[in-house]
Amino acid sequence: MNLLPKSSKEFGSVDYWEKFFQQRGKKAFEWYGTYLELCGVLHKYIKPREKVVLDKGTLDAVLTDEEEKTLQQVDRMLAEVGRVLQVGGRYLCISLAQAHVLKKAVGHFSREGWMVRVHQVASSQDQVLEAEPRFSLPVFAFIMTKFRPGPGSALQIFELCAQEQGKPVRLESAERLAEAVRERQQYAWLCGQLYRKAGLGSVSLDLCDGDTGEPRYTLHVVDSPAVKPSRDNHFAIFIIPQGRETEWLFGMEEGRKQLAASAGFRRLITVALHRGQQYEGMDSIQAELSARVLELAPAGMPTQQQVPFLSVGGDIGVRTVQHQACSPLSGNYVVEDVQGDDKRYFRRLIFLSNRNVVQSEARLLKDVSHRAQKKRKKDRKKQRPTDTPEDLPAAPGQSIDKSYLCCEHHKAMIAGLALLRSPELLLETPLALLVVGLGGGSLPLFVHDHFPKSCIDAVEIDPSMLEVATQWFGFSQSDRMKVHIADGLDYITSLAGREVRPHYSVIMFDVDSKDPTLGMSCPPPAFVDQPFLQKVKSILTPEGVFILNLVCRDLGLKDSVLTGLKAVFPLLYVRRIEGEVNEILFCQLHPEQKLSTPELLEMAQALEQTLRKPGRGWDDTYILSEMLKTVKIV
């Protein structure tokens, strides 16, 4: 280690290198980039009778800082390269591509009208799995090709080639090229860290398509230190079937830890497949990922060991994007059909700003699922994109099973209607409901269809969501179901300010926040401010129930929300949704009406018996009392 330079200036000193090799003696030395690693790039760009200036580390050694004297020396060096090369000649420079080196080289040659390409040198497979990697920083080759000077401003060409035989990707600017190189350096650093030690915490990364630069796979690295090492349990890859990446087991950190522990490997990497990408099958994914994921293997894995690829059911699942668009309020979103683990198909609304959260979900009718399977077989033959207009069914909204509630928090919110007392009479009792947050419309639609005397006002801030609900989720308005396009805050404030206020038996909030930086994603904080809660109270009947879907990861903020709610609604029940962050809050005005758990279950059973009457299309898997078993009073 005493041979290492003590400063960057020493690294660029002739005296230092003379002393270095004298002390090292006759031992072979390669600081970075052995011939075996470089030969693929060298043979690709150096052809017989072609003029090439080959520089291995010289630019890195000379350009040790950005002082004026150093930069002038580098300018003279690069100018000399340009002088000796004819048009079509290449300057091929092997470098670590430090930020100031890359900036200088790319800036100089692009201003001269040369084509600039940066090619990442592939590490040898032996180095990936050897006991101690030789060099953790990636090595790059700058390939600067001299073009004939054109009139006026020269066209600047920037390309990145990320793999030895990969297709170059054209980038729009020198800044974007530098950013892409930095991403690969950070990836190499991460691989080095993952190799040296386990348990780095939550680690995730995107692998992008080499041609388009679009994300293709999202990887999560999960270490299980409690697993006892053996020859065959070092490392495995788990492919998440398409459409199931939002499930708790795959989409949440705690779920992935549970998955890794049950799989029994020291390190498990889960792989989520991105929508908008084409995948031929498990074998092609395995071939595509095998070399890349080995870079993430832990230390101690035997050389040449086969890495197992795991999945659910042995296939990659089915995902069909039916519609995608951009809303001015909600951003980019997609409507997609996915196959569940019971082979039934489900339609989902996903906001791409939060792609691992299902905003709305509905089950498709069985005959539609069968047609989707036949369509999938045709698509395999045609291999055309799944989101083209000709793929859209004629009447997409007619395919929805309206008797089925997919979301657990919606089931719990419906179960909360048992708090209205006399549940056996609810089907014959006029019931006024206010639902803030429409989404796909499944929650208000379920109430509308199962409670024939109900009248529902639904409030939705985004008109695009009403279009989505109507076209894709079977939603429709009627004389008992009205949608108001408005901000829920403004709408309730307006109702509370009237001389004659309307009064609702049930008020439901199922509205998400558009600000991802907050510790509470549902509802937006303004919906639980004290003055606004007083307005909600003013339009709720004395015996009514205010039901709120709360998603809050900040424990301090959650305690504050519960305290504020209890100040306005003295009777407060909480129901945690298992495996999710959601908590459903049932708020009432009179604490003396508090029900014990057995009383709650009895009322829920009475309501369910009423709803299960023949001809009502009740889902047999939906047990209302099960939804209220774990309810606690705050």
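Residues numbered from 1 in each chain as written. Predicted model: local features only at pLDDT ≥ 70, side-chain atom pairs only at ≥ 80, totals over all residues. Heavy atoms only, no water.

Chemist: Which residues make up helix α6 (residues 99–111), and what are the values?
Modeler: Helix length check: α6, at 13 residues, gives a terminal C-alpha distance of 18 Å against a target of 18 Å (1.5 Å per residue), a fit within 8%. Looking at the residues trailing α6, positive phi occurs at G113, about 85 degrees. (Helix = DSSP H or I, 4+ residues; strand = E, 2+ residues; numbered from the N terminus. Expected span 1.5 Å × (residues − 1).)

Chemist: Account for unusual backbone geometry, with residues named and values stated.
Modeler: For the bond from C522 to P523, the omega torsion is -5 degrees, close enough to zero to count as cis. With a phi close to 70 degrees, R49 is a non-glycine residue in the positive phi region. Among the secondary structure elements, R49 is positioned in the loop between α3 (35–45) and β1 (52–56). One non-glycine residue, A97, lies in positive phi territory at about 55 degrees. Residue position: A97 is located in the loop between β2 (90–95) and α6. Judged by its relative accessible area of 2%, A97 is buried. (Buried < 20%, exposed > 50% of the residue type's maximum accessible area, 1.4 Å probe, protein only.)

Chemist: Help me get a handle on the state of the cysteines, residues and values and all.
Modeler: One pass over the structure, following the stated rule, counts 0 disulfides. Here C407 is not cross-linked by a disulfide; its sulfur's nearest cysteine counterpart is in C406, at 6.3 Å. Given the relative accessible area of 9%, C407 is considered buried. (Disulfide = S-S within 2.5 Å.)

Chemist: Run through the sheet that holds strand β15 (residues 358–363), naming residues and quoting values.
Modeler: What the 4 strands build is an open sheet, ordered β12-β13-β14-β15; its pairing is antiparallel. Strand pairing shows two members of the sheet lacking a second neighbour, β12 (319–327) and β15, which therefore form its edges. Put simply, the sheet's adjacent strands are angled 15 degrees from each other on average, direction ignored. Relative to β15, strand β14 (residues 345–351) runs antiparallel, the two sharing 5 bridges. Along β15, the bridge assignment pairs F346 with R363. Of the strands in this sheet, β12, β13 (331–339) and β14 touch helix α15 (residues 463–472), which is tilted by about 20 degrees from β13. (Pairing = 2+ DSSP bridges. Axes fitted to C-alpha atoms, helices over the stretch in contact; angles between N-to-C directions. Contact = heavy atoms within 4.5 Å.)

Chemist: Kindly report on the packing of aromatic side chains, identifying the contributing residues and their values.
Modeler: As enumerated under the stated definition, the model contains 15 aromatic pairs in all. The ring of Y32 has K56 lying over it, and the distance from NZ or CZ to the ring centre is 5.6 Å. (Phe/Tyr/Trp six-rings, centres within 6.5 Å; stacked < 30°, edge-to-face > 60°. Lys NZ or Arg CZ within 6 Å of the ring centre and 35° of its normal.)

Chemist: Requested: an account of the pattern of salt bridges, with residues and values cited.
Modeler: One pass over the structure, following the stated rule, counts 24 salt bridges. Here E50 ties to R90 by a salt bridge, and the two come within 3.3 Å at their closest N and O atoms. Taken together, the residues span a long stretch of sequence, with E50 in the loop between α3 and β1 and R90 in strand β2 at a distance of 40 residues. The salt bridge involving E253 is made with K257; its shortest N-O contact spans 3.8 Å. (Salt bridge = Lys/Arg side-chain N within 4 Å of Asp/Glu carboxyl O.)

Chemist: Can you tell me about the nonpolar core, naming the residues and giving the values?
Modeler: Counting 49 residues, the largest nonpolar core has F451, M508, F586, Y622, L624 and L628 as the members making the most contacts within it. With 6 residues, the top contributor of residues to this core is helix α19 (residues 597–611). Residues contacting L624, with those up to four places away along its chain left out, are I414, A415, A604, L607, E608, L611 and W618. V436, Y504, C587 and L589 belong to the second largest nonpolar core, which has 32 residues in total. (Core = buried A, V, L, I, M, F, W, Y, C linked by side-chain atoms within 4.5 Å.)

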